[in-house]
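Observations on the model geometry
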Amino acid sequence: KKTYFLYIYFINFILTILVVSIFEIIILLIIHYFYSPIHFNTMIYPEMYYATTQLLFKNEFYNLIFFIILTSLGYGIVSTLLFSFQTFINNPYVYRCSGVLIGIFLILIPALINKALPIYSMAYLLQINNLICLGIEGFDEIPFQLSYWMIYLITFMIYTLCAWGSFQYMYKWRLKND
């Protein structure tokens, strides 16, 4: 039984990564062919200049490739977290609609608890936007002067631990109640 649940858990993760990657590539192709061609002209910015096109690397092409990879991994983690929540939501019809509500809560909660935390920037590390759209959304400057790589890794680890803990709870609950 455990291998079945682990199989489903990892298949969910892999399929989410594949679907999101394909979706992102289709969006890029639509933009490139129907809106405006995408050019990868690497510009050299002055030191300490905030360049939104150079979040991870100095090369825009590498940024785009790694943005797609990191976004896909982030959506995979969010998908496994939502998959693990099926234990807490017994009604299958409510469970199917709960992903949107949980996603909204995962965006709003860090913004709402931001002022209540002793360290103002800690809530930024809990933002789910760091997983699914790295560098696009944020509510203040980068916390603790971390790089976007570190912000992504910390947020990835937090949500991976939450997803895995929730999965372990779901597995134990299924063993007991099935």
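Refer to the structure presented above.
To start, this report covers the structure provided alongside it. (Residues numbered from 1 in each chain as written. Predicted model: local features only at pLDDT ≥ 70, side-chain atom pairs only at ≥ 80, totals over all residues. Heavy atoms only, no water.)

Concerning the packing of helix α2 (residues 60-84) against helix α3 (residues 92-113)
- For the pair α2 and α3, interaxial distance at closest approach is 10 Å and the crossing angle is 125 degrees. Here α2 is positioned oblique relative to α3, judged by the angle of their axes. As α2 packs across α3, the resulting crossing turns out to be right-handed. Contacts from Leu 81, Leu 82 and Phe 83 in α2 reach Tyr 95, Gly 99, Ile 102 and Leu 106 in α3.
- Looking at the contact of α2 with α3, its residues break down into 6 nonpolar, 1 polar and no charged. (Axes fitted to C-alpha atoms, helices over the stretch in contact; angles between N-to-C directions. Helix = DSSP H or I, 4+ residues; strand = E, 2+ residues; numbered from the N terminus. Parallel < 35°, antiparallel > 145°, perpendicular 65-115°, else oblique. Left-handed = near helix turned anticlockwise from the far one by under 90°. Contact = heavy atoms within 4.5 Å. Nonpolar A, V, L, I, M, F, W, Y, C, P; charged D, E, K, R; others polar.)

A word on helix α5 (residues 148-177)
- With 30 residues, α5 should reach 44 Å at 1.5 Å per residue; the first-to-last C-alpha distance of 42 Å fits that figure.
- Buried residues of α5: Tyr 148, Ile 151, Tyr 152, Thr 155, Phe 156, Tyr 159, Ala 163, Ser 166, Phe 167, Gln 168, Met 170 and Tyr 171, and no others.
- The elements touched by buried residues of α5 are α1 (2-35), α2, α3 and α4 (129-132). (Expected span 1.5 Å × (residues − 1). Buried < 20%, exposed > 50% of the residue type's maximum accessible area, 1.4 Å probe, protein only.)

Regarding the packing of aromatic side chains
- By the definition in use, this model includes 9 aromatic pairs.
- The interplanar angle of 65 degrees and the centroid separation of 5.5 Å between the aromatic rings of Tyr 4 and Phe 5 together place this pair among those described as edge-to-face.
- Here Phe 5 and Tyr 171 contribute two aromatic rings whose centre-to-centre distance is 5.9 Å and whose plane-to-plane angle is 75 degrees, an arrangement assigned as edge-to-face. With a gap of 166 residues between them, Phe 5 in helix α1 and Tyr 171 in helix α5 connect regions that are remote in the sequence. (Phe/Tyr/Trp six-rings, centres within 6.5 Å; stacked < 30°, edge-to-face > 60°.)

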